[in-house]
Amino acid sequence: MSRYALRRMVPLLHGRTQLFRSQQRPLSSAAEDPSSDAVHMTDNCIRRLKELHNIESSNQDKMLRLGVETGGCSGFQYVFCLDNKKHANDRVFEKDGVKLVVDNVSYDFVKGATIDYVEELIRSAFQVVTNPSAVGGCSCKSSFMVK
C-alpha cells in the first residue's frame, strides 16, 4: 500500500476512534450479546487454541487477538497473535473456555466473521474464512477489500 493511501487512512481511523470514545457507550462482549455481529470461532480454531494452552504453561492465560491493518495485496490484512492483555477498547468473544479478542477499530472490519484454524501442505494458520464486511481478497485469505 502506498504512503499516500496510508496518510489518507490514518485520519479516517483516528476519527472513527474518537467517535467511539465520544459516544461513551459500554463495550459489549459476545457472552453478553450473542448477536449476528459477534466474531465466531470454529471447532478447529477452539481445538488448536486449547492445544496451544496445553503445550506450554505460559500460554494458559493467552487469548487469540485478531487485528486488521492496512496492507496486503487487497488493501487490508488480518493479523493474529496470542496475547494475555485485554485493553479498554477490546471486545472479547468466548466459546468453550477459549477467548478471541478484537480491538474496536478492527471489529468494524470483522463483524460477523468466522475464524478457523487451517492446516495445509505449505502452512498451518488461523484464518478468517468468512467475513461479511469483505467483498474480495487474495487467494491466501490473509488480506481483503472492504465493502
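A brief structural summary.

What counts and what doesn't
- Residues numbered from 1 in each chain as written.
- Predicted model: local features only at pLDDT ≥ 70, side-chain atom pairs only at ≥ 80, totals over all residues.
- Heavy atoms only, no water.
- Helix = DSSP H or I, 4+ residues; strand = E, 2+ residues; numbered from the N terminus.
- Buried < 20%, exposed > 50% of the residue type's maximum accessible area, 1.4 Å probe, protein only.
- Contact = heavy atoms within 4.5 Å.
- Salt bridge = Lys/Arg side-chain N within 4 Å of Asp/Glu carboxyl O.
- Phe/Tyr/Trp six-rings, centres within 6.5 Å; stacked < 30°, edge-to-face > 60°.
- Pairing = 2+ DSSP bridges.

Moving on, we come to the side chain of His53. Looking at where His53 falls in the secondary structure, it is placed in helix 2 (residues 43-55). The class for His53 is buried, based on a relative accessible area of 11%. Leave out the neighbours within four places in its chain, and His53 touches Asn59, Gln60 and Lys62.

With that settled, the discussion passes to the pattern of salt bridges. Should their charged atoms come close, side chains of opposite charge can pair. Counted according to the given criterion, the structure contains seven salt bridges. With a shortest N-O distance of 3.6 Å, Glu119 and Arg47 are connected by a salt bridge. Of the two residues, Glu119 sits in strand 6 (residues 114-119) while Arg47 sits in helix 2, which places them 72 residues apart along the sequence. Its salt-bridge partner being Arg65, residue Asp90 comes within 2.8 Å of it at the nearest N-O pair. Of this pair, Asp90 sits in strand 4 (residues 90-95) while Arg65 sits in strand 2 (residues 63-70), and the two are 25 residues apart along the sequence. Taking relative accessible area as the criterion, Asp90 reaches 3% and is therefore assigned buried. Beyond isolated ion pairs, a larger network of salt bridges with shared partners links Arg47, Arg48, Glu51 and Glu119.

Glancing now at the packing of aromatic side chains. In this description, an aromatic ring pair is defined by two values, namely the gap between the centres and the angle between the planes. Inspection of every chain in the model, using the stated rule, returns four aromatic pairs. Centroid distance Phe76 to Phe109: 5.0 Å. Interplanar angle 35°. Geometry classified as tilted. Residue Phe76 is located in strand 3 (residues 76-83), and its partner Phe109 is located in helix 3 (residues 104-110); the two are separated by 33 residues in the primary sequence. With respect to class, Phe76 is no different from Phe109; both count as buried. When the ring of Phe80 is compared with that of Phe126, the centres are 6.1 Å apart and the planes differ by 40°; the resulting orientation is tilted. Note that Phe80 is positioned in strand 3 and Phe126 in strand 7 (residues 124-130), a separation of 46 residues in sequence.

Of note, Ser133 is situated in the loop between strand 7 and strand 8 (134-137). Among all residues touching Ser133, those that are not within four sequence positions of it are Asp108, Phe109, Val110, Lys111, Met145, Val146 and Lys147.

Moving on: the environment of Cys81. Among the secondary structure elements, Cys81 is positioned in strand 3. Taking relative accessible area as the criterion, Cys81 reaches 35% and is therefore assigned partly exposed. The residues touching Cys81, leaving out its near neighbours within four places in the chain, are Met63, Leu64 and Arg65.

Among the eight residues in strand 2, six count as buried, and that is most of the element. Between the antiparallel neighbours strand 2 and strand 3 lie five residues, among them Gly71 with a positive phi of about 135°. The pairing of strand 2 with strand 5 (residues 98-103) spans three bridges and is classified as parallel. Residue Arg65 lies in a different strand from strand 5, and its bridge partner there is Val101.

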